[in-house]
Structure formats: structure tokens, C-alpha cells
Amino acid sequence: MTDRNSEIETFLDSAGWGGSTVALLAKDASYRVYHRVARDGDRAVLMDAPPDLEDVRPFLDIAGQLRRFGYSVPAILAENVPAGLLLLEDFGDRTFTRILAAPDETRWDEEALYSLAVDLLADLHERAPSVGFDAPPYDGGRLVEEADRMLRWYAPLVLGDLVPEADAAAYRAAWQAAVPAMTWGPNTLVLRDFHVDNLMILEGRDGLARCGLLDFQDALSGSPAYDLVSLLQDARRDLAPGLEARMLERYRARRDVADWDAFLRAYHALGAQRAIKILGQFGRQQGFFGRTAYMAHIPRCWAHIERDLARAELHGVIAWLDRAMPAAMRAVPDPESRLPDSVSPQIKR
């Protein structure tokens, strides 16, 4: 038994779950690992977040804030913060993603699922000033750093070399000029990974509480457009034709947005920023760890980037890409391509 397994066993014993079966449930793109814990018909979820690599305190903090809004987040059944171990309520297996893939699903179609998620976002953004929230800022520095991940982790895989520093500086300057568009409007709580993989249907609950929320520990304070574009421009799946436009109108009908044109510009600017960041994240997975499955989504990311840059009129970024990464370079990297040792895999927090 490894030291970590022993630590987990001790934790479960202290939480009253000794003797449970523990089975791998999921891994995410971070260092967190989730296990399903079962005993005598009861189930829970164990979050294993190695404390030298992850911090569970933001999860606990944001969970408490979302609970204050009345939303469904997993209850905390037991915690050992120094050890990076949490025992959570088990929401089951009905993620939006699995429901959308189920051939025999009749109750929840794509329109109904996305409508529920959009209604939750509209409610959150409308009530945030009165309910209150606290999270680090999603400011220009962070937004530009995220966009820079494409240069560090994706571009070298397709260009065959690192981007020269002078070109990299021009790229960052172009994104810096886009910061006013990306930070437009009053701040709200931004969950950041708000998409169908992290949303669940909880039968037996009413209203917005039917929507279970996962993977919100990286929440920040920023533009309300971010989570909406995260939902409606998914890097991993295409929405039915016209659904994005209908959901934007649904959101608008439920919000008092002072300047809808400015909101849409923020939506598209953040859509481009998010998709270009995801290119970097996918490149990191291949370039350091040899994980190439994500690369199937590269064409969809580029389609989002090109459309969003044009609609947000981010001419500086468009010009840089046309010069340094023309259409032929906007490609799926060779699966054997790796990043050089001089590039760091560290994600800035």
C-alpha cells in the first residue's frame, strides 16, 4: 500500500466510511482524481487533490458561495484540507454530456438542457450584486497570460520551433489591446468551466436546483459573457444549428443588459480568447504527456477563434495570426510532435 493509499484509507475511516470500495471515477486536466466510494448501498465521491500540486480550499469556498445562491453543488461530507482530501455528495452519472449521447433519452433534449443552464447563468448574473460573491479578479493580466499559452504550448507543435520573442511580444500587445472588450460590464462570479461535461441533471429537485454544478474551484470575478460563451461555444461538441442564437436571446430576455451590442462584443472577444487558450491546453497535453485525444477538437477551436475575432473586431490579433500563423498552420499537430525541454509545463495561477 502506498503512503497516499494509506492516507486515503485513514481519511475514510475517520469519516465513517471505513471498509468501503473505492473505484476510479474520473480524472480531469489538473492533478485532481475522483473516486466513487460505496458501502452498504450508499455512495459518495472522494476528491484526491495532492496538496503539493492542488489546493482544495477554493473548492470549499466557491461551493459555499454557490450554495448561498441556492444552486446545487455537492455537499461536503468530510474534509481533510492539509491532506487534500474531500468526501463529497455523489450526484450520480447524469451529466449533460451523457444525456445528450443517450439514444433512449426522451425527457431532456439539447434545447431543454441548454435552456436550464442559460437560465441558471442569467439568474446568477442578475442576482450577484445583491447576493454578493468573492473571487480573485479575471483581469487583463490573467486574460493575456491565458492567451499566451497558445504561443508556448501549441504554436511550437505546428510551427516546428518556438515563436521568436519579438513576435511573442507583438502577440501579447494585440491581446492587451483587446482587454477592454473582454472585461466589459459589471463583474460577476465566473465559474470558468461551465459546459456540458460539468453540468448534471438531478431528478427530484425543482427549478434551477435541477442543474448540478461541478468543477467550479477556479472561479473568478469577471465578465458575465465568459461562462455563456463557455457553454455555447464548446470546444468538444457542435451545437445544433441555431441553438447558440436562440440561447443568447433567451439569456437577453432574462437579463437587464444595458448595452447588448457591447455584451455581444465581450462574448465574442472572450470566445476567441478562451478557444485560443484551449489550443494551448491541448498542446500542453500532447507536448509534455503525449496525450493526443484532445487534438480531434483543434479544427473546432480554430473555427470559433476565426469567427469570434471577426465579430469582436479584434483586428490586432487577426493581423498577427494572418502574419505568423496563416491558415496552413492552423492545423492538428503531428501526433509525434513534442515540446522542447526549454518550455515549462507549469500553469500560472
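Per chain, the residues get numbers from 1 upward, laid out in the order the sequence is written. Where local features are concerned, this predicted model is filtered to residues with pLDDT of at least 70; where side-chain atom pairs are given and counted, the filter is 80 or more; whole-chain, interface and lining totals use all residues. Side-chain numbers here rest on the full set of heavy atoms in the structure, without hydrogens or water.

### Thoughts on the packing of aromatic side chains
Part 1: To pair, rings of Phe, Tyr and Trp, with the six-membered ring standing in for Trp, must have centres within 6.5 Å; the planes then decide the type, stacked if under 30 degrees apart, edge-to-face if over 60, and tilted in the middle. Counted by the stated rule, this structure contains 11 aromatic pairs.
Part 2: Between F282 and Y294, the ring centres sit 5.2 Å apart and the planes meet at 25°, which makes this aromatic pair stacked. With F282 in helix α10 (residues 260-289) and Y294 in the loop between α10 and α11 (298-312), the pair connects residues that are 12 residues apart, well separated along the chain.
Part 3: Geometrically, the ring pair formed by F288 and F289 is tilted, given 6.2 Å between the ring centres and 55° between the ring planes.
Part 4: The rings of Y171, W175 and W320 are connected pair by pair, giving a single aromatic cluster.
Part 5: Two thresholds decide whether a charge sits over a ring: the Lys NZ or Arg CZ must be within 6 Å of the ring centre and within 35 degrees of the ring normal. Positioned above the aromatic ring of W17 is the side chain of R39, whose terminal nitrogen or guanidinium carbon lies 4.8 Å from the ring centre.
Part 6: Residue placement shows R192 over the ring face of Y138; its charged tip is 4.9 Å from the ring centre. Strands are runs of DSSP state E lasting at least 2 residues, helices are runs of H or I lasting at least 4, and numbering of each runs from the N terminus.

### Looking at unusual backbone geometry
When glycine is set aside, most residues are seen to have a negative phi, and most peptide bonds are trans.
Part 1: In this model, D40 sits at a positive phi of 55°, which is unusual for a non-glycine residue.
Part 2: Here's how the labels work: a residue is buried when its accessible area is under 20% of the maximum for its type, exposed when over 50%, partly exposed in between, all with a 1.4 Å probe on protein chains only. Residue classification places D40 among the exposed residues on the basis of a relative accessible area of 75%.
Part 3: Phi angles above zero are rare outside glycine, and E313 is one such case at about 55°.
Part 4: Positionally, E313 belongs in the loop between α11 and α12 (315-324).

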